[in-house]
Structures are given as C-alpha cells and as structure tokens.
Amino acid sequence: MIDFKKLCQLLTDYFDEELESDICAEIDELVSEDFGCKVLFNTFNKTLQLCKEMEEEEIEIPEEVHIRLYEFLQIEIRKEEET
Amino acid sequence: MLVSDEILVKKSQKGDYPSFAELVKRYEKKIYNLAYRIMGNREDASDVLQETFLQVFKKLAGFKGKAKFSTWLYRITVNMCLMRKRKRKKREIVSLDVPILTKKEDEIKRELRDDWSESPLATLENKEVKKTLSEAIDSLPEEYRTVFLLRGLNGMSNEEVAEVLKISLPAVKSRLHRARLFLRDRLSQYFQ
C-alpha cells in the first residue's frame, strides 16, 4: 500500500517511467484522493519541468573561446608532429 | 551521412587530424555547457574545454573503445572540473549525510497550502523562479550536482551516468532523486 512517505520515495521512478503499471495506477489513485500527496506529486513534476526547460537553454560558446580552442589545439598538434 | 564517433576516433588514432577536429567540433558545445554548469563561470568553462580536449588528444591513442567515446569524454570533463574545484577549495567538502540537501523522504512534510505548480508565476520567464532554481542547483553538493547535470544536460541515461562517474546505478538513482527533492523543496520555500 502506497502512502505519502512511500510516494516520496517513488517519485523519480514514476516520472522516469521505471515503475510497473500497477504501481503507477496506485500512485495515480492516491494522488487523486489525497490533497497532500497531490501537492507533492504536482510540485515535484513541476520542478522536473522547470529543470528540463533550464537544461534546454544551451549556452553558446563565445567566438573568442572557440577560436582560442582551435588555435591551442593546432599548436599542440604541431608540437606532436615535431616530436 | 554522419560519420560515427567510432570511425572518427579510429582515424584520429592513426593521425588523421581532420577527424580529430571533427570530434572537437561535434562535442565542444556540450563540453563547454557541462563545464560551465559544473564550474559556474565562463572563464573556468573555457579553460576546462581546452584542458579536456588536450587530454583527449594526448590519451586518444590509448583509448580502447570499451566505453563509448562520449562517455570517456564526459568522464575526462567531469574529472577536470572536479580537480579544478578541489584545488581551489572554494566549496566546503560536504558529507553525503549532511541534511542540508538531503531532507530524507520521511522528513518531507505534507503541504496543505496551495499547489504552487498551478501558479502562473511558476515559469522560468519569472526571473526570480529561474534565479531560485539556478541557485538551488548551484548549492547542491558536488556529488549530487554532477549526477543531476549529467543526467539532465546531456540527456544521459542513469546507466551512462554511472559509467561516466564510475559509481553504482543505485547511487546514481539515489543522488538524482534526492537532488530533485531538494530542488522541489527550495522552490516550495520560494512560493511560500
């Protein structure tokens, strides 16, 4: 039987789709009937969504960093060729 | 057709520098992003980017291909970042058992107030929410943050993260879960 405490432990597995369907169904039922569980479930889910959005915000490499990387590697490759 | 990493690695190992350049081109943005998230600033991210690819260049000949090239590359990046951080000792070493992060599941209280997930303010367009989340991620202890970032940022599976960090799968799952609970808790505090 899943209760609030057990729900806390299962949230990541639930949202990562690593739980059996019967356990998922039990969680869904609990969440629909218990306000505290619903708040936990919804806010955890929202946190994951916000994290995902943040992760999708790629940071561009500044042009000078890109150039510096290639110049640096060219020097190292040249050194390698000379040895 | 896209040439596979494996082929580019094999060519690079034989001294084909354009193939190595292609690998750099393919991964430089991912490595920069990972380094930036772990280090928290552009300067360190740039240095880690250079050091990582230098290491890759030097060690590529000995790469046997037992792991995927990307796994090996991310492992080098993470190690570079962590070494740099340890050297600086900017962050205090935090035991995994310290409860700053780790409100354990049985310590989480039922919340009977409003469900903030439905608030129109719960969006990254809300700069305060973005800042709160960003600071919460930054405040995660290193062991948790690295798992969280690898899992999210590079879309890796739990198994791949375990391989990159050389930790067990249950450890990855546990750290990821506790990190997520911690972030939820921080956001809940903001919405209180």
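Up top you'll find the structure we're talking about.
This write-up is about the structure you can find in this document.

Parameters at a glance
Residues numbered from 1 in each chain as written. Chains lettered and ligands numbered in written order. Predicted model: local features only at pLDDT ≥ 70, side-chain atom pairs only at ≥ 80, totals over all residues. Heavy atoms only, no water. Contact = heavy atoms within 4.5 Å. Buried area = accessible area lost by both parts, 1.4 Å probe. Salt bridge = Lys/Arg side-chain N within 4 Å of Asp/Glu carboxyl O. Polar contact = N/O pair within 3.5 Å; in protein donor to acceptor, adjacent residues only side chain to side chain. Helix = DSSP H or I, 4+ residues; strand = E, 2+ residues; numbered from the N terminus. Nonpolar A, V, L, I, M, F, W, Y, C, P; charged D, E, K, R; others polar. 1 Å grid on protein atoms, 1.4 Å probe; cavity = no way out; pocket = protein on both sides within 12 Å on 5 of 7 lines; lining within 4 Å. Points joined across faces, edges and corners; volume = space filled by probe spheres on them. Buried < 20%, exposed > 50% of the residue type's maximum accessible area, 1.4 Å probe, protein only. Axes fitted to C-alpha atoms, helices over the stretch in contact; angles between N-to-C directions. Parallel < 35°, antiparallel > 145°, perpendicular 65-115°, else oblique. Left-handed = near helix turned anticlockwise from the far one by under 90°. Phe/Tyr/Trp six-rings, centres within 6.5 Å; stacked < 30°, edge-to-face > 60°. Core = buried A, V, L, I, M, F, W, Y, C linked by side-chain atoms within 4.5 Å.

## Brief notes about the interface of chain B and chain A
Logical step 1: Listed per partner, the contact involves 52 residues of chain B and 43 residues of chain A.
Logical step 2: Interface area, chain B with chain A, both sides summed: about 4,600 Å², of which 65% is carbon and sulfur.
Logical step 3: At the boundary of chain B and chain A, one finds six salt bridges.
Logical step 4: Among the ionic pairs, Asp16(A) bridges to Arg151(B), the shortest N-O distance being 3.3 Å.
Logical step 5: In this structure, the connection of chain B to chain A is made through 18 residue pairs in polar contact (both at pLDDT 80 or more).
Logical step 6: Elements represented by at least two residues in the side of chain B that touches chain A include exactly helix 2 (17-39), helix 3 (42-59), helix 5 (127-138), helix 6 (142-153) and helix 8 (169-191) of chain B.
Logical step 7: Looking at the side of chain B that touches chain A, its residues break down into 24 nonpolar, nine polar and 19 charged.

## Describing unusual backbone geometry
Logical step 1: For Glu17(A), which is not glycine, the phi torsion reads 55 degrees and is therefore positive.
Logical step 2: The backbone of Lys166(B) shows a phi angle near 55 degrees, a positive value even though the residue is not glycine.
Logical step 3: Inspection of the secondary structure assignment puts Lys166(B) in the loop between helix 7 (158-165) and helix 8.

## Quick look at the layout of surface pockets
Logical step 1: In this structure, the second largest pocket occupies an estimated 320 Å³ of space.
Logical step 2: Taken together, 14 residues make up the lining of the second largest pocket; nearest its centre are Met54(A), Ile59(A), Tyr36(B), Arg37(B) and Ser134(B).
Logical step 3: Secondary-structure elements contributing two or more residues to the lining of the second largest pocket are helix 3 (35-56) of chain A together with helix 2, helix 5 and helix 6 of chain B.
Logical step 4: In terms of residues, the lining of the second largest pocket owes the most to one element, helix 5 of chain B, which gives four residues.
Logical step 5: Among the residues making up the lining of the second largest pocket, the classes are represented as seven nonpolar, two polar and five charged.

## Describing the pattern of salt bridges
Logical step 1: Under the defined criterion, the tally for this structure stands at 18 salt bridges over all chains.
Logical step 2: Put simply, Lys173(B) and Glu18(A) hold a salt bridge, and the shortest N to O gap is 2.9 Å. Pair noted here: Lys173(B) is in helix 8 and Glu18(A) is in the loop between helix 1 (4-15) and helix 2 (21-33), and the two residues belong to different chains.
Logical step 3: Classification of Lys173(B) by relative accessible area gives partly exposed; the value is 31%.
Logical step 4: On the accessibility criterion, Glu18(A) (36% relative accessible area) is partly exposed.
Logical step 5: Across the pair Glu60(A) and Lys29(B) runs a salt bridge whose closest N-O atoms are separated by 2.8 Å. Remark: Lys29(B) occurs in helix 2 and Glu60(A) occurs in the loop between helix 3 and helix 4 (63-82); the pair is interchain, linking two chains.
Logical step 6: A residue is classified by how much of its surface remains accessible, and Lys29(B), at 26% relative accessible area, is partly exposed.

## Let's talk about the packing of helix 6 of chain B against helix 8 of chain B
Residue and element names in this part refer to chain B.
Logical step 1: Here helix 6 crosses helix 8 at 95 degrees, and the two axes come no closer than 9 Å. Comparing their axes, helix 8 and helix 6 come out roughly perpendicular. On the side of helix 6, the interface is formed by Glu143, Tyr144, Val147, Phe148 and Arg151, while helix 8 contributes Val172, Arg175, Leu176, Arg178, Ala179 and Leu183.
Logical step 2: Class assignment for the residues of the contact of helix 6 with helix 8 results in seven nonpolar, no polar and four charged.

## A closer look at the packing of helix 4 (residues 69-88) of chain B against helix 6 of chain B
All names here are of chain B.
Logical step 1: Running from N to C, helix 4 and helix 6 cross one another at 150 degrees; their axes reach a closest spacing of 12 Å. In terms of axis orientation, helix 4 runs roughly antiparallel to helix 6. For helix 4 against helix 6, the interelement crossing comes out right-handed. Residue-level contacts link Tyr74, Val78, Leu82 and Lys85 of helix 4 to Glu142, Arg145, Thr146 and Leu150 of helix 6.

## Quick look at the packing of aromatic side chains
Residue and element names in this part refer to chain B.
Logical step 1: Counted under the stated rule, the structure contains 13 aromatic pairs over all chains.
Logical step 2: For the pair Phe20 and Phe57, a centre-to-centre distance of 5.3 Å together with 55 degrees between the ring planes defines the contact as tilted. Of the two residues, Phe20 is situated in helix 2 and Phe57 in helix 3; the sequence distance between them amounts to 37 residues. As far as burial versus exposure is concerned, Phe20 and Phe57 are alike and both buried.

## Considerations on the environment of Glu118(B)
Logical step 1: Along the chain, the position of Glu118(B) falls in the loop between helix 4 and helix 5.
Logical step 2: Not counting residues within four places of it along the chain, the set of residues in contact with Glu118(B) comprises Lys38(A) and Asn42(A).

## A closer look at the nonpolar core
Logical step 1: Grouped together as the largest cluster of nonpolar side chains are 63 residues, with contacts concentrated most on Phe53(B), Phe69(B), Leu133(B), Phe148(B) and Leu183(B).
Logical step 2: Broken down by element, this core gets its largest block of residues, 10 residues, from helix 2 of chain B.
Logical step 3: With residues near it in sequence (within four places) discarded, Phe69(B) still touches Asp5(B), Val9(B), Leu23(B), Tyr27(B), Val56(B), Leu60(B) and Phe63(B).
Logical step 4: The next biggest cluster of nonpolar side chains, apart from the first, holds 18 residues, and it includes Phe4(A), Ile27(A), Leu30(A) and Val31(A).

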